[in-house]
Amino acid sequence: MMSDRPEYLLYCMAQSGNAYRVALMLNLIGADWKPVFVDFFVAGETRTEKFRTEINEMGEVPVLDHAGRKFSQSAVCLTYLAKRSGKFQPEGEDEELECLGPYRFLKNFAPAPSPAGEAFLLNRLGISLPIVDKRLAKSPYLLGSRPTIADVSLAGYLYYPAEEFGFDIAKDHPHIGAWMDRIKALPGWKHPYELMPGYPLKRA
Ligand SMILES: N[C@@H](CCC(=O)N[C@@H](CS)C(=O)NCC(=O)O)C(=O)O
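Described below are features of the structure shown in this document. These figures come from a predicted structure and were not determined experimentally. (Residues numbered from 1 in each chain as written. Predicted model: local features only at pLDDT ≥ 70, side-chain atom pairs only at ≥ 80, totals over all residues. Heavy atoms only, no water.)

### Notes on the overall build of the protein chain
- Counting its regular elements, the protein chain contains eleven helices and four strands.
- In the protein chain, which comprises 204 residues, the share counted as buried stands at 46%.
- Across the protein chain, contacts joining residues at least 24 apart in sequence account for 70% of those joining residues at least 6 apart. (Helix = DSSP H or I, 4+ residues; strand = E, 2+ residues; numbered from the N terminus. Buried < 20%, exposed > 50% of the residue type's maximum accessible area, 1.4 Å probe, protein only. Contact = heavy atoms within 4.5 Å.)

What follows is the structure, given as structure tokens:
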């Protein structure tokens, strides 16, 4: 019997920027995919034994399921999808290594549970955002004239509302703002709250 399962399943929730990277990439490459909602906020699903046994032993989203094969790191998912589709691939070794920068930068964006942690992250942001802004003043996309997975990775958090950051990145950093408009204009772009299930947030 034929299955009506799409080629890819993405375990995610709308609030996760790491999941958005992968959801956005799937949409940008025109993949046959569907989100699978993970109830992180009310049911604490990522911490359950079932999730750890069946979906991801690390207890995190995103998880990309390709015909039963599961990938659990957003950067790995982006690389996998770029290789499979031949789209958004970085060119050459140097450029590929450059993907690590934005990836690390984004990892430091994660909300910290302590004021000291938050101050640290804010300080990092104060350093990183002008560097990215300066770079985007020189070329339309992070690695040059065309978008790659480095851009998809950077896009992970930037489209969430300014209120969620407490400042407006696009306004404060005009080259990042212009880059955001360019990414937004790519066919398949969608806002994270439209692309993934779980918004508005329901609390327990
Ligand atoms: N290394 C992971 C990080 C993923 C991550 O931080 N996921 C968070 C949501 S954005 C999560 O699922 N946390 C679950 C938990 O803390 O129980 C990636 O980039 O894929």
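### A word on the side chain of Gln15
- Within the secondary structure, Gln15 sits in the loop between strand E1 (8–12) and helix H1 (17–28).
- Not counting the four nearest positions on each side in its chain, Gln15 is found in contact with Phe41, Tyr160, Tyr193, Gly198, Tyr199 and Leu201.

### Describing the side chain of Asp151
- Locating Asp151 in the fold gives a position in helix H7 (residues 149–158).
- Lacking a salt bridge, the buried Asp151 has Arg182 as its closest oppositely charged neighbour, with an N-O distance of 7.6 Å.
- A distance of 3.0 Å separates the side chain of Asp151 from the backbone nitrogen of Leu142, its partner in a polar contact.
- Apart from the residues within four sequence positions on either side, Asp151 is in contact with Tyr141, Leu142, Arg146, Trp179 and Ile183. (Lys, Arg positive; Asp, Glu negative; His and termini not counted. Salt bridge = Lys/Arg side-chain N within 4 Å of Asp/Glu carboxyl O. Polar contact = N/O pair within 3.5 Å; in protein donor to acceptor, adjacent residues only side chain to side chain.)

### Regarding the site of the ligand
- Around the ligand, the surrounding shell holds 13 residues, and the nearest of these are Thr46, Arg47, Val61, Gln73 and Ser74.
- The separation between an oxygen atom of the ligand and a polar main-chain atom of Val61 is 2.8 Å.
- Ser74 is positioned with one of its side-chain polar atoms (N or O) 2.7 Å from an oxygen atom of the ligand.
- For the ligand, whose free accessible area comes to 520 Å², the fraction covered by protein is 81%.
- Taken together, the residues that form the shell around the ligand break down as three nonpolar, seven polar and three charged. (Near = heavy atom within 4 Å. Areas by Shrake-Rupley, 256 points an atom, 1.4 Å probe, with all protein chains shown as cover. Nonpolar A, V, L, I, M, F, W, Y, C, P; charged D, E, K, R; others polar.)

### Concerning the nonpolar core
- Counting residues in each nonpolar core, the largest one holds 48 residues, and the members touching the most others are Met25, Leu26, Leu64, Leu81, Trp179 and Met196.
- Put simply, the parts of the chain that give this core at least two residues each are E1, H1, helix H3 (74–85), helix H6 (115–138), H7, helix H10 (174–184) and helix H11 (192–195).
- Excluding residues that lie within four positions of it along the chain, Met196 makes contacts with Cys12, Met13, Ala14, Ser16, Ala19, Tyr20, Ala23 and Tyr160.
- Core analysis: the next-biggest nonpolar cluster, separate from the first, contains seven residues, Met13, Phe51, Ile55 and Val63 among them. (Core = buried A, V, L, I, M, F, W, Y, C linked by side-chain atoms within 4.5 Å.)

### With respect to the sheet that holds E1
- If you trace the four strands from one edge of the open sheet to the other, you get E2-E1-E3-E4, paired in mixed fashion. Two strands bound the open sheet, and with one partner strand each, they are strand E2 (33–37) and strand E4 (69–71). Looking at each pair of strands side by side, their axes are set apart by 25 degrees on average, direction ignored.
- Sheet contacts for H1: E1, E2 and strand E3 (63–66); angle to E1, the most-contacted strand, approximately 155 degrees. (Pairing = 2+ DSSP bridges. Axes fitted to C-alpha atoms, helices over the stretch in contact; angles between N-to-C directions.)

### What about H10?
- Among the residues making up H10, those that are buried are Ile176, Gly177, Trp179, Met180 and Ile183. In an axial view of H10, the angular spread of the buried residues amounts to 160 degrees, which keeps them on one side of the axis. Turned more than 90 degrees away from the buried face of H10 sit Pro174 and Asp181, all of them exposed. (Arc of directions from axis to C-beta.)

### Focus: the packing of aromatic side chains
- One pass over the structure, following the stated rule, counts seven aromatic pairs.
- Relative to Tyr80, the ring of Phe71 has its centre 4.2 Å away and its plane inclined at 35 degrees; by these criteria the two rings are tilted.
- Their ring planes at 10 degrees and their centres at 3.8 Å tell us that Tyr193 and Tyr199 sit as a pair that is stacked.
- Overall, the relative accessible area of 46% leaves Tyr199 in the partly exposed class. (Phe/Tyr/Trp six-rings, centres within 6.5 Å; stacked < 30°, edge-to-face > 60°.)

### As for a nonpolar patch on the surface
- Together, Phe40, Phe41 and Val42 make up an exposed nonpolar region whose accessible area comes to about 230 Å².
- Its place among the elements puts Val42 in the loop between E2 and helix H2 (49–54).
- Note on Val42: relative accessible area 43%, which makes it partly exposed. (Patch = residues over 30% accessible without salt bridge, like charges linked within 9 Å, V, L, I, M, F, W, Y side chains within 5 Å.)

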